[in-house]
2 protein chains.
Amino acid sequence: MRPVAIVGIGQTPVREHWDAGLRELAVQAVWQALDECQIDTVDVFYVGNMLSGTLTGQEHLATLIAEYAGLTGVEAIKAEAACGSGAAAFRQAVLAVASGAAEVALAVGVEKLTETSTHKTTDGLASAADADYETAMGISFVALNALLMRRYMYEYRYHKSDFSAFIEIAHRNAVHNPNAMFRHLVNRDQYERAKMVADPVNLLDSSPIADGASAVVVTSIDQLKRFPNRPIWVAACEVSTDTIALDNRENPLWLKAAERSVHKAFKTSGLTHRDIQLFELHDAFSIMSALSLEGSGFAERGTAVRLANEGHFAIDGRLPISTFGGLKARGHPVGATGLYQIVEATLQLRGQAPEAIQVPDARIAMTQNIGGSGATIITTILTRERL
Amino acid sequence: MRPVAIVGIGQTPVREHWDAGLRELAVQAVWQALDECQIDTVDVFYVGNMLSGTLTGQEHLATLIAEYAGLTGVEAIKAEAACGSGAAAFRQAVLAVASGAAEVALAVGVEKLTETSTHKTTDGLASAADADYETAMGISFVALNALLMRRYMYEYRYHKSDFSAFIEIAHRNAVHNPNAMFRHLVNRDQYERAKMVADPVNLLDSSPIADGASAVVVTSIDQLKRFPNRPIWVAACEVSTDTIALDNRENPLWLKAAERSVHKAFKTSGLTHRDIQLFELHDAFSIMSALSLEGSGFAERGTAVRLANEGHFAIDGRLPISTFGGLKARGHPVGATGLYQIVEATLQLRGQAPEAIQVPDARIAMTQNIGGSGATIITTILTRERL
């Protein structure tokens, strides 16, 4: 495979964007990314999105957004892998360039969750689960995470308040990210008093329903001289899957797909856990932070919550996570999230993160985007130097 | 790019499958394709589908189908490009193998349109058009095609009954395809008496709402010795796009995306129009057959309907089209259609088509899958010998 590098990035703030639809949001991110690398077209155009059909009656989204971005004619395809759609689109862009079919590829993730009623959005998000064997029973996506969290607390003897550490980290970092949805601190007291959503998942355990778009331009090693930005290298981008339904898993607290995709990413890149300096993980719910850290091998089983409380994952800890606020505080426009993570890791590796959240001398970063309750996991490793 | 070849195919009959859901249909096609090439897993797994979220409340479809096919763990991503989703998934499979990221890739297209009310399905299909500027005005997808057909008749002075030739060809070929939905002949008299749907599009101008799944396994030139079947080579698979909304096009009767994707496919393969021995085109409506033939350069503007009436596109004509019945008579389970076309072209090139519809000594075939009213067009050229 040809080496592939990121040469342009763009993102909108994550908000309830009542003044912009899918196409307006996506085009903002696309134009930012194109402007940043001083090009006006690309060879292929991937869109990561989960719910445009269900929530806004718009399928065929990639071609539509290409058109509104002024790129009519370009190859355009949408990639979907539930909340992992953003990184899925990125994976396709990397493959297109690696194959030689394209020299410059763009992946944009976009989601508009506030277009309709919260009820309809909740239903839509539940379509990441198994429609015949999970959601048909009336369970929502939050409730699935509640089952996981309760089991984890029971199995490893944690109190609910122990999870506060993850929330505090995310909010502390988001304060410095102008694109984050929640730029305020949260303390343990607030966490303990937060409204319950699906016991034991409370409002602060949950990432917010939000709108946003983020975009990345990748190119091949042969084209780098055309681009003004320092290239950030894609050392690996690997996808693995597990059963969709939790009850089909041997151990629902073990994210096999995380283990496998991280293993593949390390094999592809030749790197190991010790090399990773920051980890943009998929904290859609606080339990997912714990399971992702453990499944990915950054914490022993049942220890992630303890390590969080000991400061390991803070911005000045051994492995900073959610450095721009994560899904929890930056916000989680589902199909865009994977590309927000990649944009943020790119800023870290370029040394362009706001000072308070810049990981010093960041050279190697990992991102992990998750679809469903760990059913599709896409792990990406980005590096400042070519390996 | 590494040369890529098709080594396994599978398909279900196209029907109203009241006894099977999305996953059952898809798994049937996947297993057929895997069995045919005597393997039990693949490296990457793409699903082409348009409406699973809207019609059945199931997104995250690729991982779900991988699980039900017994392939849990494998990389899985869904590709969507409206009715072009099937060939979009195929394109991703080809890129994954061409890049070297995968040695064996599977693309399965599946659609279940009879899971819900016809009204909801009609709404869903309209999401291939522009939700804000077309469907919001109340126009359906059939009505968009009606506008095109009426304009074409006016511009090139055809009578409605002239279009019958396309329907007759499709049905005549479908008689011999055991997987086709409509295996009966249609004559001009029946065509003229068919119920009107959206004037001038009548029932026989329209491909049927249907369920089905089709699958293709591709591999790299380096792995061919593992596979028992004669490889069929992917000489080109090229995507181009146009505006989604018809009123944004300079000339709605000219499918620019067809022109461009065919041009790219010829450039990639080094072939020309004269080399193509059969053309599986996207006859979702009879007007689309005409526009596809003209935009692709197989007929001068305004002449495709006349050539059809002169027998050029019959199974024994100069360029046979819809050799297994096409979307019109084989049926059009939208996200699966592009892969049905590729499966059928593969059967032709292997010499495995039923005798009455086998194109003699078929060496080079083209397929063309269209999303929306020509907004996304994916043209594939397959060859019996490696070019």
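As the structure is a prediction and not an experimental result, all values here were calculated from the model. (Residues numbered from 1 in each chain as written. Chains lettered and ligands numbered in written order. Predicted model: local features only at pLDDT ≥ 70, side-chain atom pairs only at ≥ 80, totals over all residues.)

Remarks on the overall build of chain A
Then comes step 1: A count of helical and extended segments in chain A gives 13 helices and 11 strands.
Then comes step 2: Here chain A has a C-alpha radius of gyration of 19 Å; the compact-globule value for 387 residues is 21 Å, and the two agree.
Then comes step 3: Along the longest, intermediate and shortest principal axes, the C-alpha atoms of chain A span 55 × 45 × 40 Å.
Then comes step 4: Taking all 387 residues of chain A together, the buried fraction comes to 64%.
Then comes step 5: Of the contacts formed within chain A by residues at least 6 apart in sequence, a portion of 78% connects residues at least 24 apart. (Helix = DSSP H or I, 4+ residues; strand = E, 2+ residues; numbered from the N terminus. Rg over C-alpha atoms; globule rule 2.2 N^0.38 Å. Buried ≥ 20, exposed ≤ 12 C-beta atoms within 10 Å, placed from the backbone. Contact = placed C-beta atoms within 7 Å.)

Re the packing of helix α4 (residues 85-99) of chain A against helix α13 (residues 334-350) of chain A
Residues and elements named next belong to chain A.
Then comes step 1: It is at 5 Å that the axes of α4 and α13 come closest, and there the two elements cross at 60°. Here α13 runs oblique to α4, going by the angle between their axes. Where α4 abuts α13, its residues Ser85, Gly86, Ala87 and Phe90 lie against Val334, Gly335, Ala336, Thr337, Gly338, Leu339 and Ile342.
Then comes step 2: A per-class count over the contact of α4 with α13 returns 6 nonpolar, 5 polar and no charged. (Axes fitted to C-alpha atoms, helices over the stretch in contact; angles between N-to-C directions. Parallel < 35°, antiparallel > 145°, perpendicular 65-115°, else oblique. Nonpolar A, V, L, I, M, F, W, Y, C, P; charged D, E, K, R; others polar.)

Points about the environment of Glu36 of chain B
All names here are of chain B.
Then comes step 1: Note on placement: Glu36 falls in helix α1 (residues 22-36).
Then comes step 2: Between the C-alpha atom of Glu36 and that of Glu192, which follows or precedes it by 156 residues, the distance is 43 Å.
Then comes step 3: Residues contacting Glu36, with those up to four places away along its chain left out, are Gly8, Ile9, Gly10 and Asn229.

Focus: the interface of chain A and chain B
Then comes step 1: With 53 residues of chain A in contact, the opposing surface of chain B contributes 53 residues.
Then comes step 2: Considering every element that reaches the side of chain A that touches chain B, the biggest residue donor is α4 of chain A, with 7 residues.
Then comes step 3: Partitioning the side of chain A that touches chain B into residue classes produces 22 nonpolar, 21 polar and 10 charged.
Then comes step 4: Sheet topology places strand β3 (residues 75-80) of chain A next to strand β3 (residues 75-80) of chain B; 3 bridges connect them, and they run antiparallel. Residue pairing in the sheet places Ala79 of chain A in a bridge with Ala79 of chain B of β3 of chain B. (Pairing = 2+ DSSP bridges.)

Some remarks on the pairing of strand β8 (residues 232-241) of chain B
Residue and element names in this part refer to chain B.
Then comes step 1: The element β8 is largely enclosed, with a buried count of 10 among its 10 residues.
Then comes step 2: For strand β1 (residues 4-11) and β8, the ladder comprises 2 bridges, and the chain directions are antiparallel. Bridge pairing in β8 links Ile6 to Ile232.
Then comes step 3: Taken together, the 8 bridges between β8 and strand β11 (residues 376-383) define a ladder with antiparallel strand orientation. Bridge assignment links Trp233 to a residue of β11, and that residue is Thr383.

Let's talk about the relation of the copies chain A and chain B
Then comes step 1: Superposition of chain A onto chain B requires a rotation of 180° combined with a translation of 0.0 Å along the rotation axis, giving an RMSD of 0.0 Å. Here the symmetry operator amounts to a two-fold rotation axis. In terms of C-alpha distance to the rotation axis, chain A has Ser99 of chain A as its closest residue, with the C-alpha 1.8 Å off the axis.
Then comes step 2: Interface overlap between copies: 100% of the residues of chain A at the interface are likewise at the interface in chain B, consistent with a symmetric, same-surface contact. (Least-squares fit on C-alpha atoms with pLDDT ≥ 70 in both.)

Considerations on the domain arrangement of chain A
Residues and elements named next belong to chain A.
Then comes step 1: Considered domain by domain, chain A is made up of domain 1 (4-117 + 209-232) and domain 2 (139-206 + 235-383).
Then comes step 2: Each of domain 1 and domain 2 has a C-alpha centre, and the two are 23 Å apart.
Then comes step 3: Of the residues lining the interface, 36 residues belong to domain 1; the matching set on domain 2 comes to 30 residues.
Then comes step 4: Elements with a minimum of two residues in the side of domain 1 that touches domain 2: β1 (4-11), α4, β4 (104-112) and β7 (211-220). (Domains from an automatic or database assignment.)

Looking at helix α10 (residues 286-295) of chain B
Because each turn of an α-helix spans 3.6 residues, side chains separated by three or four positions in sequence point in the same direction.
Residues and elements named next belong to chain B.
Then comes step 1: Counted residue by residue, α10 has 10 buried out of 10 residues, so it is predominantly covered.
Then comes step 2: All buried positions along α10 are accounted for by Ser286, Ile287, Met288, Ser289, Ala290, Leu291, Ser292, Leu293, Glu294 and Gly295.
Then comes step 3: Positive backbone phi, at 90°, marks Gly297, one or two positions downstream of α10.

As for the pairing of strand β10 (residues 364-371) of chain B
All names here are of chain B.
Then comes step 1: Of all 8 residues in β10, 8 are buried; the element is thus mostly enclosed.
Then comes step 2: Here β10 shows two buried faces, one formed by Ile364, Met366, Gln368 and Ile370 and the other by Ala365, Thr367, Asn369 and Gly371.
Then comes step 3: Alignment of β10 against β11, held across 8 bridges, turns out to be antiparallel. Looking at β11, one finds that Thr367 is bridged to Thr380.

Structural notes on the confidence of the model for chain A
Then comes step 1: For chain A, mean pLDDT is 97; residues scoring 70 or higher make up 100% of the total.
Then comes step 2: For this predicted complex, the interface score ipTM comes out at 0.97, while the overall pTM is 0.98. (pLDDT = per-residue confidence, 0-100.)

Digging into helix α13 (residues 334-350) of chain B
Then comes step 1: Here α13 of chain B spans 25 Å end to end across 17 residues, near enough to the 24 Å set by a 1.5 Å rise per residue.
Then comes step 2: At the exit of α13 of chain B stands Gly351 of chain B, carrying a positive phi of roughly 75°. (Expected span 1.5 Å × (residues − 1).)

A short note on the environment of Ile378 of chain A
All names here are of chain A.
Then comes step 1: Structurally, Ile378 can be placed in strand β11 (residues 376-383).
Then comes step 2: Taking the C-alpha atoms as reference, Ile378 lies 9.8 Å from Phe90; in sequence the two are 288 residues apart.
Then comes step 3: If we ignore the near neighbours within four places in the chain, the residues touching Ile378 are Gly84, Ala87, Ala88, Arg91, Cys237, Val239, Ser261, Gly338 and Asn369.

Digging into the packing of helix α6 (residues 141-156) of chain B against α10 of chain B
All names here are of chain B.
Then comes step 1: The geometry of α6 relative to α10 is characterised by a closest axis approach of 9 Å and an angle of 60° between their N-to-C directions. α6 and α10 meet at a crossing whose hand is left-handed. Along the contact surface, α6 presents Asn145, Leu148, Met149 and Tyr152, while α10 presents Ile287, Met288, Ala290 and Leu291.
Then comes step 2: By residue class, the composition of the contact of α6 with α10 is 7 nonpolar, 1 polar and no charged. (Left-handed = near helix turned anticlockwise from the far one by under 90°.)

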